[in-house]
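Secondary and tertiary structure notes
For reference, the chains in residue letters:
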Amino acid sequence: MTTPTNRRTLLGALLAGGVLAAAPSRPRSGHPGRAPRTAEEGARATATLFLGTYTSTTPGGTGIGVASYDPVAGTIAAGTVVTGVQNPSYLALHPTGGTLYAVDEQQRGGITAVALADDGTFRVLGTRDTGGAGPCHLSVHPGGKWLFSANYTSGSVAVHPLAADGTPGERTGLVAHTVPAPGPGQDGPHAHQIVTAPDGGHVLAVDLGNDTVYTYRLDEDRGTLEQLSYAALRPGAGPRSLTFHPGGRHAYLACEVDNTVVVCGYDPATGVLTPGTPQSTGTGSGTSYPAQLLVTGDGRFAYLANRGHNSLTRYAVEDGGATLRLLDTVPVGGDFPRHIAFSPDGALLLAANQKSGTVTVFRVDGESGALASVGTPFAAPAAVCVLPLPR
């Protein structure tokens, strides 16, 4: 669930495109595209790690964190901060890699774009209103021309056009989730995620308050969303995050309220999502809130972040993606893992632990999928999102 936030006061420099404090040059390998030959070379070939934070909490962040990580050793080193963005709790990268996007999770919700220059500087391109309150998720359409955002507090999803340089334009689409009615204990709809399906032809939005996943078609000329169907979860499930299997025929829902995972069938031709039977997260009878699932690039394993139980659940993915078989859980090494991400090569799994203000790192065994903790927790106040970039 999102953290309450205060109304945002826009900084004049944001829309003016002012240059923020320069960061150290984004680390690059001397041999792009080639894995390090030695541990020593790997230690030098670090990559950039962006961190989403809450700036309105105490303790809290001061903007979008910028760090570097070692893809071989799994260690993280502190960098700088992109300031001027309030509550940048979720981050996404443009397909070209040249623009970073952040939600401004406040009563007057916004999305902010930051240009990533080759010389290591960061420049705010602009901020746009999402038309709702408390945006907590955003994603870029694979074509790179549209940006989607989910307004948690007001239960709506928005569309913004993107210019060639990644700058967001005025909102072209806004859809409120009014049907079906909110689930038990909910005060209304709460849009928590919006993503493009692997087929590229459908956009799916997960609503925690309505226990529903909506399927839309994007009009790529007008930037509007047309609802095609919706999939209703059992009342009180509280679906939070949807993750597709690489095969594109199945997807997995982390359900926050009832502490379950649901395997869904997916029809790429129609965009229809068909939820299956809820199953265990492996966290036992204690209070725990599933946050998000990841699936390995080869589609063989899936991992779930559990807030409360403070663990990572490992599943074997079987039957072409149709089955998740619970293998084990391991401690995440922090408190309240809100977001997890793979390094671009899939060798590392990073977890942002909100309450402990840390990022923890695990090595992923390519054969067994087992997770092994590496390094020491990296201090990052109110860390709620991790976005590791390639070298």
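From a predicted model like this one, the values you see are computed outputs, not experimental measurements.

Let us now look at the overall build of the chain. Tallying secondary structure elements over the chain gives 2 helices and 28 strands in all. The buried share among the 391 residues of the chain stands at 58%. Taking the intrachain contacts of the chain between residues at least 6 apart in sequence as the baseline, contacts between residues at least 24 apart amount to 50%. On the chain, roughly 14,900 Å² of surface is accessible, and the fraction owed to carbon and sulfur atoms is 52%.

Next up on the list: the sheet that holds strand β9 (residues 146-151). Taken in spatial order, the 4 strands make up an open sheet running β8-β9-β10-β11, and their pairing is antiparallel. Single-partner strands in this sheet number two, and they are β8 (135-140) and β11 (173-176). The average angle at which neighbouring strand axes cross in this sheet is 15°, direction not considered. When β8 meets β9, the two strands line up antiparallel, connected through 5 bridges. Pairing of V140 across the sheet is with L147, part of β9.

Time to look at the pairing of β11. Only one face of β11 is buried: it carries G173 and V175, and the other face, with L174 and A176, is open. With 4 bridges joining them, strand β10 (residues 156-161) and β11 adopt antiparallel strand pairing. Each residue of the ladder has a partner; that of A158, found in β11, is L174.

Let us now look at the pattern of salt bridges. All chains considered together, the criterion is met by 10 salt bridges. A salt bridge links R307 to E256; the shortest N-O distance between them is 3.0 Å. Note that R307 is positioned in strand β21 (residues 301-307) and E256 in the loop between β17 (250-255) and β18 (260-266), a separation of 51 residues in sequence. Each of the salt bridges in this network shares a partner with another, and the network as a whole consists of R240, E256 and R307.

Quick look at the layout of surface pockets now. Of the volumes computed, that of the largest pocket is approximately 1,400 Å³. Lining the largest pocket we find 40 residues, and of these Y90, H137, V195, Q292 and L294 sit closest to its centre. Sorting the residues of the lining of the largest pocket by element identifies β4 (91-93), β8, β12 (191-196), β16 (239-244), β20 (289-295), β24 (337-342) and β28 (383-388) as the ones contributing at least two each. For the lining of the largest pocket, the per-class residue count stands at 27 nonpolar, 11 polar and 2 charged.

Confidence along the chain averages 89 in pLDDT terms, with 89% of residues attaining 70 or more. Contacts from residues 1-38, a stretch scored under 50 in pLDDT, to residues over four places away or in other chains number 85 contacts.

So, on to the side chain of S149. Examined against the element boundaries, S149 turns out to sit in strand β9. On the basis of relative accessibility, which here comes to 1%, the residue S149 falls in the buried class. Beyond its immediate sequence surroundings of up to four residues, S149 is in contact with I111, T130, H137, L138, S156, V157, A158 and I194.

With that out of the way, let us pick up unusual backbone geometry. In this structure, P59 follows T58 across a cis peptide bond, with omega equal to -5°. Assignment of secondary structure puts P59 in the loop between β1 (47-53) and β2 (64-69). Following V179, the chain continues to P180 via a peptide bond in cis, the omega torsion being 0°. Within the fold, P180 resides in the loop between β11 and β12. Positive phi outside glycine occurs at D319, with the angle close to 55°. Here D319 lies in the loop between β22 (311-318) and β23 (323-331). Exposure remark for D319: the relative accessible area of 58% places this residue in the exposed category.

Let's shift gears to the side chain of H160. Along the chain, H160 turns up in strand β10. Only 3.2 Å separates the side chain of H160 from the backbone oxygen of D129, close enough to count as a polar contact. A polar side-chain atom of H160 sits 3.4 Å from the main-chain amide nitrogen of R171. Non-local contacts of H160, meaning those with residues more than four positions away in its chain, are made with I111, R128, D129, T130, K145, W146, L147, G169, E170 and R171.

This part is about the environment of T360. Topologically, T360 is positioned in strand β26 (residues 358-364). Not counting residues up to four positions away in its chain, the partners in contact with T360 are V332, G333, L349, L350, A351, N353 and P377. A polar atom in the side chain of T360 sits 3.2 Å from the side chain of N353.

Moving on: the nonpolar core. If you look at the biggest cluster of nonpolar residues, it comprises 27 residues, and the most contacted ones within it are F50, I64, L91, L100, V114 and L138. At the level of secondary structure, the elements contributing two or more residues to this core comprise β2, β4, β5 (99-104), β6 (110-116), β7 (122-129), β8 and β28. Leave out the neighbours within four places in its chain, and V114 touches I64, V82, G98, T99, L100, F122, R123, V124 and L125.

What the 4 strands build is an open sheet, ordered β16-β17-β18-β19; its pairing is antiparallel. The strands lining the two open edges of the sheet, one partner per strand, are β16 and β19 (273-279). Here the strands of the sheet are splayed against their neighbours by 25° on average, with no regard to which way each runs. With 5 bridges connecting them, β18 and β19 associate as antiparallel partners. Pairing of C264 across the sheet is with P275, part of β19.

Rules used in this analysis
Residues numbered from 1 in each chain as written. Predicted model: local features only at pLDDT ≥ 70, side-chain atom pairs only at ≥ 80, totals over all residues. Heavy atoms only, no water. Helix = DSSP H or I, 4+ residues; strand = E, 2+ residues; numbered from the N terminus. Buried < 20%, exposed > 50% of the residue type's maximum accessible area, 1.4 Å probe, protein only. Contact = heavy atoms within 4.5 Å. Areas by Shrake-Rupley, 256 points an atom, 1.4 Å probe, with all protein chains shown as cover. Pairing = 2+ DSSP bridges. Axes fitted to C-alpha atoms, helices over the stretch in contact; angles between N-to-C directions. Salt bridge = Lys/Arg side-chain N within 4 Å of Asp/Glu carboxyl O. 1 Å grid on protein atoms, 1.4 Å probe; cavity = no way out; pocket = protein on both sides within 12 Å on 5 of 7 lines; lining within 4 Å. Points joined across faces, edges and corners; volume = space filled by probe spheres on them. Nonpolar A, V, L, I, M, F, W, Y, C, P; charged D, E, K, R; others polar. pLDDT = per-residue confidence, 0-100. Polar contact = N/O pair within 3.5 Å; in protein donor to acceptor, adjacent residues only side chain to side chain. Core = buried A, V, L, I, M, F, W, Y, C linked by side-chain atoms within 4.5 Å.

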